[in-house]
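Remarks on the overall topology
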Amino acid sequence: MINLLRRHGALLLLGLALALPTGAGAEVVKDLYTGQAPVADRSQKALAQAAQEALSQVLVKVSGSTEVLELPGIPAALNNAMSQAQQFSYARTDDPDQPLAARFEFSQGWVSGLLREAGAPLWTANRPSVLLWLVQDSPQGRQFVNRETAPELVRKLEADFRARGVPLRFPLFDLADAAALSPAQAWSLGEVALRQASARYRSDNILAGRLSELSGGQWLGDWAYFTDKDRVDRSASPESREDFLGAGAALVAETMAARYAVAAGAAPATGTAMTVSNVRSYADYAAIVSWLEGLELVEQARVEHISGDRLQLRLSAQADAGQLAALIQLNKRLVPATAPGATDELRYQWQNP
């Protein structure tokens, strides 16, 4: 393998890095540093207000929490958002009440620096997707919310999860799903039935909800969020269905961010040692290095030694070993060889698909 690496240059590594997907269980969220807000017209005042809203969206997506907007230094940055935008453009929307919007893109480095100075955590663009089962109690009975039964709710859900930077997936609702889970079963929010029905989608993150309207026009709903380790339940009496949907997106984003977002700093000056075994080809090597260097908090994954199928790396990052382990667990092909936190050196085994 050493000779193979010596014969191939950086160009091949770049090509493989672009071609190889991220690890199973995580997706790279696009437009993480882009926000869009409606504008009444093309005036500078309207543009400045839209820039503030767009930057707010970016900060919430990157940190994982709306509380970031109250941290020291953030309000001042919002007031100066227009001057920090790398570029902006106007776009037409499908909303007849707000047909025009402005779209802004901000520098990843500037946003990350702003959050670090404010003491906020950073949540990388590699994020787990969540599978959603939602049942609505309607005049037609209890039925799943999907593109056929409630297309307007699906669009709202997609917008809410996109605003929080969480990849959203829906079941296919085909015959296999119908046999595995009925609306009545999903309504009970039973963990065993939901996990079994979701197994075909290989998702570690499952969000299930139920929503009903009372005779007085009030709404009642419940969310249950399942991860590979825990279950989080949240009940709500929202003023509208839209509020309930937004609460589901917030529940997932805040729970994920609490697990995966890390505060920059506290990293050893010498970097963090990482060993990966079962690296048997150049493609394995390229996939590991390119994925690691794609994490925002990892500045460099430097190869120190290669012996047989064992790859030894030194990670220069803005996080310590424990924080890096929390990020690396998103790549299901990197299987921990030791318990997280058991040593300052990260040890993994590469799992071929």
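Residues numbered from 1 in each chain as written. Predicted model: local features only at pLDDT ≥ 70, side-chain atom pairs only at ≥ 80, totals over all residues. Heavy atoms only, no water.

Quick look at the nonpolar core
Formed by 92 residues in total, the largest nonpolar core has its most connected members in Leu-59, Phe-104, Leu-207, Met-274, Leu-292, Ile-328 and Leu-346. Per element, the largest residue contribution to this core is 10 residues, and it comes from helix α3 (residues 44-63). Leu-346 has contacts with Thr-272, Ala-273, Met-274, Thr-275, Leu-315, Ala-321, Leu-324, Ala-325 and Ile-328, leaving out every residue within four places of it along the chain. Listed in part, the 15 residues of the second largest apolar core include Val-135, Leu-194, Ala-197 and Ile-206. (Core = buried A, V, L, I, M, F, W, Y, C linked by side-chain atoms within 4.5 Å. Buried < 20%, exposed > 50% of the residue type's maximum accessible area, 1.4 Å probe, protein only. Helix = DSSP H or I, 4+ residues; strand = E, 2+ residues; numbered from the N terminus. Contact = heavy atoms within 4.5 Å.)

Topic: helix α11 (residues 241-260)
The end-to-end C-alpha distance of α11 is 29 Å, a good match for the 28 Å that 20 residues give at a rise of 1.5 Å each. Among the residues of α11, Arg-241, Phe-244, Leu-245, Gly-248, Ala-249, Ala-250, Leu-251, Val-252, Ala-253, Met-256, Ala-257 and Tyr-260 are the ones counted as buried. (Expected span 1.5 Å × (residues − 1).)

Observations regarding the sheet that holds strand β3 (residues 85-92)
Read across the open sheet, the three strands follow the order β2-β4-β3; overall the sheet is antiparallel. At either margin of the open sheet sits one strand with a lone partner, and together these are β2 (34-38) and β3. Adjacent strand axes in the sheet meet at a mean angle of 20°, parallel and antiparallel pairs treated alike. Alignment of β3 against strand β4 (residues 100-106), held across seven bridges, turns out to be antiparallel. Within the sheet, the bridge partner assigned to Ala-85 lies in β4 and is Phe-106. (Pairing = 2+ DSSP bridges. Axes fitted to C-alpha atoms, helices over the stretch in contact; angles between N-to-C directions.)

A few points about the packing of helix α7 (residues 151-163) against α11
It is the contact of α7 with α11, at a shortest axis distance of 9 Å, that shows an interaxial angle of 35°. Where α7 crosses over α11, the two elements pack in a sense that is right-handed. Of the residues in α11, those in contact with Glu-152, Leu-153, Lys-156, Leu-157, Asp-160 and Phe-161 of α7 are Arg-241, Glu-242, Leu-245, Gly-246, Gly-248, Ala-249 and Val-252. Here the residues of the contact of α7 with α11 sort into six nonpolar, two polar and five charged. (Left-handed = near helix turned anticlockwise from the far one by under 90°. Nonpolar A, V, L, I, M, F, W, Y, C, P; charged D, E, K, R; others polar.)

Quick notes on the pattern of salt bridges
Tallied over the entire structure, the rule returns 17 salt bridges. Taking the shortest distance from any N to any O, the salt bridge between Asp-174 and Arg-200 comes out at 2.8 Å. Of this pair, Asp-174 sits in the loop between β8 (168-169) and α8 (175-180) while Arg-200 sits in the loop between α10 (191-198) and β9 (206-213), and the two are 26 residues apart along the sequence. Of the charged contacts in the structure, one is a salt bridge between Lys-332 and Asp-204, with a shortest N-O distance of 2.9 Å. Taken together, the residues span a long stretch of sequence, with Lys-332 in the loop between α13 (321-328) and β15 (334-336) and Asp-204 in the loop between α10 and β9 at a distance of 128 residues. (Salt bridge = Lys/Arg side-chain N within 4 Å of Asp/Glu carboxyl O.)

Here we look at the sheet that holds strand β14 (residues 310-317)
Across the sheet, which stays open at both edges, the five strands sit in the order β13-β14-β12-β16-β15 with mixed pairing between neighbours. Each edge of the open sheet is held by one strand with a lone partner, namely β13 (298-307) and β15. For this sheet, the mean angle separating the axes of adjacent strands, direction not counted, is 30°. Across three bridges, the pairing between β15 and strand β16 (residues 346-350) is antiparallel. For Pro-336, the partnering residue across the bridge sits in β16 and is Tyr-348. Each of β12 (272-277), β13, β14, β15 and β16 is contacted by helix α12 (residues 282-293), which is oriented at about 155° to β13, the strand it contacts most. Each of β12, β13, β14, β15 and β16 is contacted by α13, which is oriented at about 20° to β16, the strand it contacts most.

A word on the packing of aromatic side chains
Each aromatic ring pair is specified by the distance between its two centres and by the angle formed by the two planes. Following the criterion strictly, the structure yields eight aromatic pairs and no others. Relative to Phe-173, the ring of Trp-133 lies with its centre 5.9 Å away and its plane at 85°, an arrangement referred to as edge-to-face. Here Phe-173 lies in the loop between β8 and α8 and Trp-133 lies in strand β6 (residues 130-138), a separation of 40 residues in the sequence. The structure contains a cluster of three or more aromatic residues connected by ring pairs, namely Phe-88, Tyr-90 and Phe-104. One Lys or Arg, Arg-127, reaches over the ring of Trp-123 and ends 3.7 Å from the middle of that ring. (Phe/Tyr/Trp six-rings, centres within 6.5 Å; stacked < 30°, edge-to-face > 60°. Lys NZ or Arg CZ within 6 Å of the ring centre and 35° of its normal.)

Regarding the environment of Arg-314
Within the secondary structure, Arg-314 sits in strand β14. Note: C-alpha distance between Arg-314 and Phe-173 (141 residues apart in sequence) is 45 Å. Of the polar contacts made by the side chain of Arg-314, one reaches the side chain of Glu-304; its length is 3.2 Å. (Polar contact = N/O pair within 3.5 Å; in protein donor to acceptor, adjacent residues only side chain to side chain.)

Points about the pairing of β12
Burial analysis of β12 places six of its six residues in the buried class, which makes it a mostly covered element. The two faces of β12 match: Thr-272, Met-274 and Val-276 on one face and Ala-273, Thr-275 and Ser-277 on the other face are all buried. As paired strands, β12 and β14 are joined by five bridges and run antiparallel to one another. Considered in β14, the bridge of Ala-273 is made with Arg-314.

Just distances and angles here, no functional claims.
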